[in-house]
Amino acid sequence: MLTRISYLVLAAAAAIAGCNKETDGQHALPPATGPGSPPLPVLPQLAKQARNVGSAGSAVASVRRSTGTLLPHAEVAVVARASGVVVAMAVDVGARVKKGQVLFRVDEQAAALRLAQAQTQLAAAEQQRRSTDVEYQRTKRLFDQQAASPQQWDQISAQLEAAKVGVAQAQNGVALAQKAVADATARAPIEGIVVSRRVALGDYVSDVPPTQVLVLQDQATLDLKFRLPERALASVSPGDALAVSLPALGISRKANVSVIAPSVDARTRTIELTAVLDNRDGALRPGLMADVELDEASITASSPTP
């Protein structure tokens, strides 16, 4: 046992000596600082940009340029106003439609039957009113000659009023049935382009909740939405000229500021502006990115005099 302990002590001493030797030798780590430490890496010198915020040139430049997005001037989701199977689809994606043009039609047989029934009820109500009116006139003559009692007169008067109400109710029923027949045919609420179709021929659509069938966009004019720093409010006004560049198409257009948002975005400290671009040639598309630059002369003219 004593011999084994001696061997362990000698091994530990040898290990400690080896560590000290490695530390004192070439594998020892250099100090982090002070004598013997490696030199610090040389960082590149960045050129300091002159900040001249107070100058007029830099102030105008900071509120002149921006990036915006083209949006459709109007977008309408055409929904089904009657429940049933789509029996006709008159347009497809990409079609240009006029206001009032037929887009699709839902099966209207049930609505047509209800209309016929309502018209029959109206004819019966009108016949009842005519018969009651004849009896009313006869009773009136007798009452004037004191040959009919006040009770008879009151009774026939009430019957005539009830007959008139019955006619009015039947007329409302016909109007509702006519509307149901008309709702089976969907027409374009605006002039535009079909950009989406969610339903195919033969699909079942519902009016509660309404099924979205088509999406129309008015792309004859496009709204350009862009933002400027809030300090632009001091120099930009509606009507200011804009130079609009569309990098994706290589097209440039002229426009004017049409709307300045009435409030500033508290998160970004920016103000939204809108310009309207003429797109009757169909060269532009909603969603395109646009580079916007305000005319310097307009900004100078709009800036308050110090």
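In the block above lies the structure referred to throughout.
All of these numbers come straight from a predicted model, not from anything done at the bench. (Residues numbered from 1 in each chain as written. Predicted model: local features only at pLDDT ≥ 70, side-chain atom pairs only at ≥ 80, totals over all residues. Heavy atoms only, no water.)

(A) Molecular detail of the environment of A180. Here A180 lies in helix α4 (residues 150–183). Considered as a pair, A180 and E108 are 72 residues apart in the sequence and their alpha carbons are 8.2 Å apart. (Helix = DSSP H or I, 4+ residues; strand = E, 2+ residues; numbered from the N terminus.)

(B) Structural context of the environment of V276. As for its placement among the helices and strands, V276 is situated in strand β11 (residues 270–278). Residue classification places V276 among the partly exposed residues on the basis of a relative accessible area of 36%. Separated by 53 residues in sequence, V276 and D223 have C-alpha atoms that sit 4.7 Å apart. Once you skip the residues sitting within four places of it in the chain, V276 turns out to touch T221, L222, D223, A255, N256 and S258. (Buried < 20%, exposed > 50% of the residue type's maximum accessible area, 1.4 Å probe, protein only. Contact = heavy atoms within 4.5 Å.)

(C) Up close: the packing of aromatic side chains. Under the criterion given, the structure shown has two aromatic pairs. Taking the centre distance of 5.0 Å and the plane angle of 35° together, the rings of Y136 and W153 count as tilted. Of this pair, Y136 sits in helix α3 (residues 109–144) while W153 is found in helix α4, placing the two residues 17 residues apart along the sequence. Take Y136 and W153: they sit in the same class, and that class is buried. Given the relative accessible area of 18%, W153 is considered buried. (Phe/Tyr/Trp six-rings, centres within 6.5 Å; stacked < 30°, edge-to-face > 60°.)

(D) Layout of α4. Given a rise of 1.5 Å per residue, 34 residues ought to cover 50 Å, and the 50 Å separating the end C-alpha atoms of α4 matches this to within 8%. Among the residues of α4, W153, I156, L160, A163, V167, A170, V174, A177, V181 and D183 are the ones counted as buried. Buried residues in α4 make contact with α3 and β5 (185–187). (Expected span 1.5 Å × (residues − 1).)

(E) Summary view of the sheet that holds β5. As summarised here, the arrangement of the four strands in space is β5-β4-β2-β7, forming an open sheet in which the pairing is antiparallel. Bordering the open sheet on either side are β5 and β7 (204–205), each of which pairs with just one other strand. The sheet contact formed by strand β2 (residues 84–89) and strand β4 (residues 102–106) spans three bridges and is antiparallel. Within the sheet, the bridge partner assigned to A88 lies in β4 and is R105. (Pairing = 2+ DSSP bridges.)

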